[in-house]
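# Observations on the three-dimensional arrangement
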Amino acid sequence: FAHMDPKRVAIIGGGEGATLREVLKHNTLEEVKMIEIDEVMVNVSREALPGWSDCSDLEGSASSCFDDPRTDLRCEDALAWFIDRFSDDEDSDDEDDEDEDSSDDDDEWDGIIDIDAQPFDVIIMDALDPQDNIEFADALYNNDVFLNAIYEALTDEGVLVLQLGESPHNSDPSEQTNNKNRHHIMNMIEEVGFQSMHIYEESHCGFGYPWSFLVACKSDKCRYHWYMNEAEIDVQIHYRMMRTKSGSSPLRYFDGATMKSYQDPPKAWETLYCRREPFPEHCNDYRGYSKSIKNYGIDNFEVRMSSIGDGAGRGVFSKVEIPQGSLIAAEESHKKVHFRHTTTHMIEALKYNYPEADYLSDLTQYAYGYGFQQKTVANYEYFVDSGILTFVNHGCNGTNNIGDGSSSHEKDSVYFNEATLDLSQIDEPPQGTSRASIFDPVSDRHLHSLATGYDSTSRDVKAGEELFQNYLYFISWAKGWKEEVLDLQAQCRGESLGQIKNDENRAMEEDEDSSDDDDDDSSDD
């Protein structure tokens, strides 16, 4: 379900047929290529474990999933299969000319397969676990050529799924020292070019201990699907699942709520991630509030007309002196109105497709004018402060005095000052990705905290002083980056007004026009 429309799927291993059985339940599927090196395993499983590959209840399938018309079973070496077809590494083929000459028939057959080997939407590695202490596991999970071939074998929005073996415990040492194969394959997945990685565990596999799995996405667009809510996933299940002869659901365990439980990485994975060397600095940023940092509650602030001038509208002022590094209304910071990515996308689609839905513009003006973009989950995500902090203005020319307090928002950042920001050099927003790295269980476990921030003072604030944010950090949509920066620069030069002030002026003009029309009607009477 991380992929919206999977048509071609490859399974590496999975000889008992259970993974194949689950894949075939999706009605979008046109072909699943199962590549299992052990033909004996397939045949024994077909005879001795028929329930594992039972597709008899699926309409249009077969008694055995191995015989489903969408199944293409290949009993051969999956490593060689992918490397031969999708690797551009000239050194990956160790066969000499004599071997090639002696296998002309195989070469002819391979040529036919090459034509058929189009990229896959999903590849599932159901082979050995990376923690298995055998030679083939080392070859499977330490083979850069193979992983690059897997990457190339995926479509642009393709998804890779692999099992990671027994889940770690909170008291385990870092994966760097405790599970080198697993650590290496996860690093390789990030380095080869995957844009989003999601780790989850499942305790119903029958292994006596929770088992971990990794979903790696070639495009971060899959985050849009991965973070759907349980109701949205249940709708997808309704449309995506094959109909059954019995009339019952083909899924006995998985549903929207189960998928929702996979969205937050397990605590142990976060703990082990933060035991890495070098230490990931953001492990200190979003894992709870420090009792040593004083919080200045919302009662210490007030709203009045901004000190910038009439064009800026309202602003927020401190009633008391606040030292640098203090928290700003921490009790309010996470009470934001949240426009989820799917909600915002739906509203914009309605406005675009149905002119009569233009009244929704008032809602989007509220979100875009008072709120800020984030990409912690996906594009189209907005947050609006529900209290007076929504009136905090932008600090032009580096005059901002509050920020989110994270290690990524330092004063020497190239984004610190809109007046000196060079758009020819900085062509994407600082929040283009809000995660410190592609594999980041810290951010993924604390998405709301990451998105809404821990507002704190970046310098001493005097009593009566206005609070200013850096709005550059409120831009996360890459396509709108240049336009937003140019507009912010124009506002700071006094050449234009902000969206809220423009909307208020427009509303006042409409009220005046309406009042004039009423007066005209009265004079006619």
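Check the entry above for the structure.
Quick caveat, the model's predicted, so the values are computed rather than measured.

### So, the packing of helix α7 (residues 144–152) against helix α9 (residues 180–192)
Between two packed helices, both the angle of their axes relative to each other and the distance between the axes serve to describe the pair. Taken N-terminus to C-terminus, the directions of α7 and α9 make an angle of 45°; their axes are 10 Å apart at the nearest point. Accordingly, the angle class assigned to the pair α7 and α9 is oblique. Of the two elements, α7 crosses α9, and the hand of that crossing is right-handed. Residues Asp144, Leu147, Asn148 and Tyr151 of α7 form the contact with α9, whose participating residues are His184, Ile185, Met188, Ile189 and Val192.

### Details of the sheet that holds strand β14 (residues 381–385)
Taken in spatial order, the three strands of this open sheet run β12-β14-β13, and their pairing is antiparallel. Looking at the sheet topology across the chains shown, the edges are occupied by β12 (336–339) and β13 (372–374). Direction aside, the axes of adjacent strands within the sheet are offset by 30° on average. In this sheet, β14 lies alongside β12 in antiparallel orientation, the contact comprising four bridges. If you follow Val337 over to β14, its bridge partner there is Val384.

### Things to note about the sheet that holds strand β2 (residues 31–35)
Within the open sheet, the seven strands sit side by side as β3-β2-β1-β4-β5-β7-β6. Their pairing is mixed. The open sheet has two free edges, formed respectively by β3 (71–74) and β6 (196–202), since each of these has just one partner strand. Direction aside, neighbouring strands of the sheet carry axes that sit 15° apart on average. Relative to strand β5 (residues 154–166), strand β4 (residues 120–126) runs parallel, the two sharing five bridges.

### As for unusual backbone geometry
Cis geometry is adopted by the peptide bond preceding Pro278, which originates at Glu277 and carries an omega value of 0°. Unusually for a residue other than glycine, Asn397 sits at a positive phi of about 55°. You can see Asn397 is positioned in the loop between β15 (393–394) and β16 (402–403). Exposure remark for Asn397: the relative accessible area of 52% places this residue in the exposed category.

### Some remarks on the packing of aromatic side chains
For any pair of aromatic rings, the description rests on two quantities: the centre-to-centre distance and the angle between the ring planes. In the structure shown here, the tally under the stated rule is 19 aromatic pairs. Centre to centre, the rings of Trp81 and Phe120 are 6.4 Å apart; their planes meet at 50°, and the pair counts as tilted. Pair noted here: Trp81 is in helix α3 (residues 78–86) and Phe120 is in strand β4, with a separation of 39 residues, a long-range link. Relative accessible area serves as the criterion here: at 0%, Phe120 is assigned to the buried category. The lysine or arginine in question, Lys218, covers the ring of Tyr151, its NZ or CZ lying 4.3 Å from the ring centre.

### Things to note about the environment of Ile123
Residue placement: Ile123 occurs in strand β4. It is 5.7 Å that separates the C-alpha atoms of Ile123 and Val9, two residues lying 114 residues apart in sequence. Sequence-distant contacts of Ile123, defined by excluding residues within four places in its chain, comprise Ala10, Ile12, Phe82, Ile150, Ala153, Leu154, Val159, Leu160 and Val161.

### Quick word on the state of the cysteines
Applying the stated rule across the entire model yields four disulfides. Here Cys217 is linked by a disulfide to Cys222, with a sulfur-sulfur distance of 1.9 Å. Here the S-S torsion is close to 85°, and the disulfide linking Cys217 with Cys222 is therefore right-handed. Each member of the pair, Cys217 together with Cys222, is buried.

### Brief notes about the pattern of salt bridges
The final tally for this structure, using the stated rule, is 21 salt bridges. A salt bridge links Glu22 to Lys25, with the nearest nitrogen and oxygen atoms 2.9 Å apart. Using a relative accessible area of 31% as the deciding quantity, one classes Glu22 as partly exposed. By relative accessible area, which is 10% here, Lys25 ends up buried. Within the structure, one salt-bridge network assembled from shared partners comprises Arg8, Glu31, Lys33, Asp72 and Arg74.

What counts, and where the lines are drawn
Residues numbered from 1 in each chain as written. Predicted model: local features only at pLDDT ≥ 70, side-chain atom pairs only at ≥ 80, totals over all residues. Heavy atoms only, no water. Axes fitted to C-alpha atoms, helices over the stretch in contact; angles between N-to-C directions. Helix = DSSP H or I, 4+ residues; strand = E, 2+ residues; numbered from the N terminus. Parallel < 35°, antiparallel > 145°, perpendicular 65-115°, else oblique. Left-handed = near helix turned anticlockwise from the far one by under 90°. Contact = heavy atoms within 4.5 Å. Pairing = 2+ DSSP bridges. Buried < 20%, exposed > 50% of the residue type's maximum accessible area, 1.4 Å probe, protein only. Phe/Tyr/Trp six-rings, centres within 6.5 Å; stacked < 30°, edge-to-face > 60°. Lys NZ or Arg CZ within 6 Å of the ring centre and 35° of its normal. Disulfide = S-S within 2.5 Å. Salt bridge = Lys/Arg side-chain N within 4 Å of Asp/Glu carboxyl O.

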